[in-house]
Every structure is written in structure tokens, then in C-alpha cells.
Amino acid sequence: MKQIFRLALPSIISNITVPLLGLVDLAIVGHMGNIVYIGAIAVGTMIFNVIYWLFGFLRMGTSGMTSQAFGQNDMAEVMRLLLRSLMIAMGIALLLLVFQIPLRWLTLAIIHPSAQILHEVSVYFSICIWGAPAILGMYGLTGWFIGMQNTRWPMYVAIFQNIVNIVMSLTLVYGFGMKIAGVGFGTLVAQWAGFLLALYGWHHRYRYLKGYDWKTNLFHRLAMRRFFVVNRDIFIRTLFLVGVNLFFISAGASQGDVILSVNTLLMTFFTIFSYVMDGFAYAGEALSGKLYGAGQQEEFNRVYHGLFVWAGFMVLAFTVVYAVGGNGLLSILTNEQRVINASQAYFWWALLIPVISVAAFIYDGIFIGITATRGMLVSSVISALVFFTLYLLLRNTLYNHALWLSFLVYLGLRGIIQWRLFAKMKLNLFATK
């Protein structure tokens, strides 16, 4: 139990600091005296969030395979996994940089902002796209650190990035009058500063690994095939997750500005809960992968049950906090009383989020740790298809309630399917160890 919390806490802190990069930018442009800047940052941040979310497999795949190699005490393979991940990250980043103009055109054509916002978003995009190597490289390093049972360095990096971003953006915007370009450059500098700190962290803590024979079999056919299969499954799974989240926003927007605002506010309850539960999922990745790699079945089972004990505590805590202080949170997020009033009809859906979604978070961590990525893919595809089907069947009768019902069914079904898959898998999980 203590070991789980020791790994989870730094990850929770890291997760909470991640959205601060975007919030700091939003706060700065919010005081420039022109709402165009606010819209530009909102659109630009959303574009990069979606793009980078699609490549989250670089973190998850690296984490699971590294933790297994670490459990097997195969330090040469641990080094190879880091290098493979970084090479793929740099390859993807290079493609994003080469095709940045058509990528910018495509994303802006889909969002279709006003002419004024379009210009400012283009400026922001053209600057921040050069952070792609740093961001994707950080994904690989973060996954590798987690696989090595080290969640502290990602936390240090996340905190450092935010400090650099605040200092640089404020200096460039108010000191040099660079406006949206200043915000973009501040974010870019922060991204590269974080990546360089992560590299320093590796050198400081793990440079001894260079003494192992990692050059042999670096591009071994079977190892590379496994690396790409694992990451392919996670990538496709992420596409479905992104699709569900974007559709949720779009379906809410089609019902008017008030419903869109209500859904945005209530989704904050899910976002906050996910930041905390992702911390426990990361702990699950690290520990289950290490113990699976080491063939320690009893310890693995102990961690498995420990994760769900912590999950139970979190469900209880968040449900109580949301029930007692949820309306207070809504009042902090907005002073629009009609939006707060309209949210009351859907508030109880938000109260169900912790208990219904918790299993999916825990099983995601375990499945990544044992690299059972096909199970994650299957659960996400089935759940997403049920989400779309259920909403389309009920939208004309239940309206926004249909959207929330479909979303919660989607979250719960992911956990149920993974539970059933893991129950079958567990019977032979350690048979070859």
C-alpha cells in the first residue's frame, strides 16, 4: 500500500501541473484587453492537446516494457527501450515539423475560427510546433522513468516547466510587448527546458547504464516488432478515446451555448478525478510491470488488490467532496447564474463519475504494465461504439441526459470489459515465468 502511494503521489502532482501550462497562458492573454487573444490561446491549446494526446503511446508503451525489463534485471534492454522510444519520438516530431503547414491548415479548417482569431492562432501554432521534439521526447523519458519506478523526476520536470513558462511568458508579453508571440515563445522555452532537465535527470541518476551492452540487438527484429505492436494498439485505442471526447464536446455544442457551458463545467469533475486516478494508474504500470517481469505472482496479486483498495478510498473521498462542495466548485468556475442553475439537472451524473470510471483507470495501468495492450484496444473500441450508438438512439428523447448516460456507460463498460479480460488472462499470466 505504501509503495503504491509512494509512486502515485509524485505522478498526481505532475498531472495537476500539466494543465497549468495552458491555464497560465490563458490567464496572461486574458489581461491583454482583447478577447481575440483568449480565443486564439483556447484554440491553439486544444489543437496541440489533441495532436500530442494521439502520441501518448510513447509514454505508455515505454513504461510497460521498461518496467518488465527492470523486473527481469535486464539493464541492457532497459537502455535499448529508452533509445527506441526517443528515436521514434524524434522521427514523429520531424514529420510534424516538415508537414506543419498542411497540419496547421487542416486543424484550422476543421475548427474554422474567425478571421482575427485565425491569424493569432497561426502565429501561436507556428511557434509552438517547434516544441514537438521536446514534448514527444519527454513522453518517452517520462514513460521510461515510470518503468524504472521513478515518478519523482517527471514531477520535478513538470514543476520546473511551469515556473519557466510563467517567468518567460510574463517577461516576453509585458516586458517586450510580444503579445501572442510572447506567450508562444514562453511555452516553447518551457517545453525545451523541461526536456533538457529530464535528460539531465537521466544523466545524473542513470548514466551508469551506458556501461551495459545496449548496442547489441538495439534493432533486433522481434524486439522492434513487439515495440511497434504495443504502441500501435495504444495509438488506435487513443484514437477512439479522442473521438469520444471530441464528440462529447460537439454534441453539447449542438444543443446551445448554455448546455455547452454546463457540460464543460461538469466535465471538470471528471478531469480532476482523472488527474488523481492517473497517478495510481502510473503506479500500477510501474509495479505490475516490474513484478510481472520478475515472475513474482504473489507480490503482483498483492499490488493488484492494493490498487483497488486505494481506488475505493478515492471513490469515497471524491464522491463525498463532490456531493458536499460540487456547487461551490461550479461557483468558483463561473459567475453565470443561469449556467449554474442549468447544471443542477445534470449534476448527479457528475456524482456518478468516480464510482463508474474508477476501474478503467486501474486496469489501464495494469494492462500497460503487463503490455496487454490488445485488451485495452478491444475494451476502448467496444465501449466507444456503444457510446455512439446509445447516444444516437436516445438523443431525441433524453437530449443532454442521453449524452451523459452514454458517456458514463462508456466509462463503466471499459472497466467491465477489462475486468473480464484480465480474469481470463490471469489464469495463465505467470505460467511461462
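Residues numbered from 1 in each chain as written. Predicted model: local features only at pLDDT ≥ 70, side-chain atom pairs only at ≥ 80, totals over all residues. Heavy atoms only, no water.

**Things to note about the side chain of Q100**
Locating Q100 in the fold gives a position in helix α5 (residues 100-111). From its side chain, Q100 meets the backbone oxygen of L97 in a polar contact 3.1 Å long. (Helix = DSSP H or I, 4+ residues; strand = E, 2+ residues; numbered from the N terminus. Polar contact = N/O pair within 3.5 Å; in protein donor to acceptor, adjacent residues only side chain to side chain.)

**Concerning the environment of A317**
Following the sequence through the fold, A317 ends up in helix α12 (residues 297-333). Using a relative accessible area of 35% as the deciding quantity, one classes A317 as partly exposed. Note: C-alpha distance between A317 and P354 (37 residues apart in sequence) is 9.3 Å. (Buried < 20%, exposed > 50% of the residue type's maximum accessible area, 1.4 Å probe, protein only.)

**Details of the nonpolar core**
Core analysis: the biggest nonpolar cluster contains 128 residues, and F273, F280 and F407 have the highest contact counts within it. Examining the composition of this core, we find that 17 residues originate from one element, helix α11 (residues 257-294), more than from any other. Look past the residues within four positions of F273 in its chain and what remains in contact with it is M314, V315, F318, Y322, I353, P354, S357, V358 and F361. (Core = buried A, V, L, I, M, F, W, Y, C linked by side-chain atoms within 4.5 Å. Contact = heavy atoms within 4.5 Å.)

**A word on helix α3 (residues 57-71)**
For α3, with 15 residues, the first-to-last C-alpha span of 21 Å sits near the 21 Å given by 1.5 Å per residue. Judged by how many residues are buried, α3 sits mostly within the fold: 14 of 15 residues are covered. Following α3 by one or two positions, N73 adopts a phi angle in the positive range, close to 60°. (Expected span 1.5 Å × (residues − 1).)

**Re the pattern of salt bridges**
Counted according to the given criterion, the structure contains 8 salt bridges. A salt bridge links D233 to R232, with the shortest nitrogen-to-oxygen separation between them at 3.3 Å. Looking at D233, the relative accessible area reads 2%, which means it is buried. Residue classification places R232 among the partly exposed residues on the basis of a relative accessible area of 39%. Residue R302 is joined to E299 by a salt bridge in which the shortest nitrogen-to-oxygen separation is 2.2 Å. Of this pair, R302 and E299 both sit in helix α12, 3 residues apart, which is roughly one turn of that helix. A single salt-bridge network, built from bridges that share partners, covers E77, R80 and R84. (Salt bridge = Lys/Arg side-chain N within 4 Å of Asp/Glu carboxyl O.)

It is worth stressing that arrangement in space is one thing and function is another; only the former is reported here.
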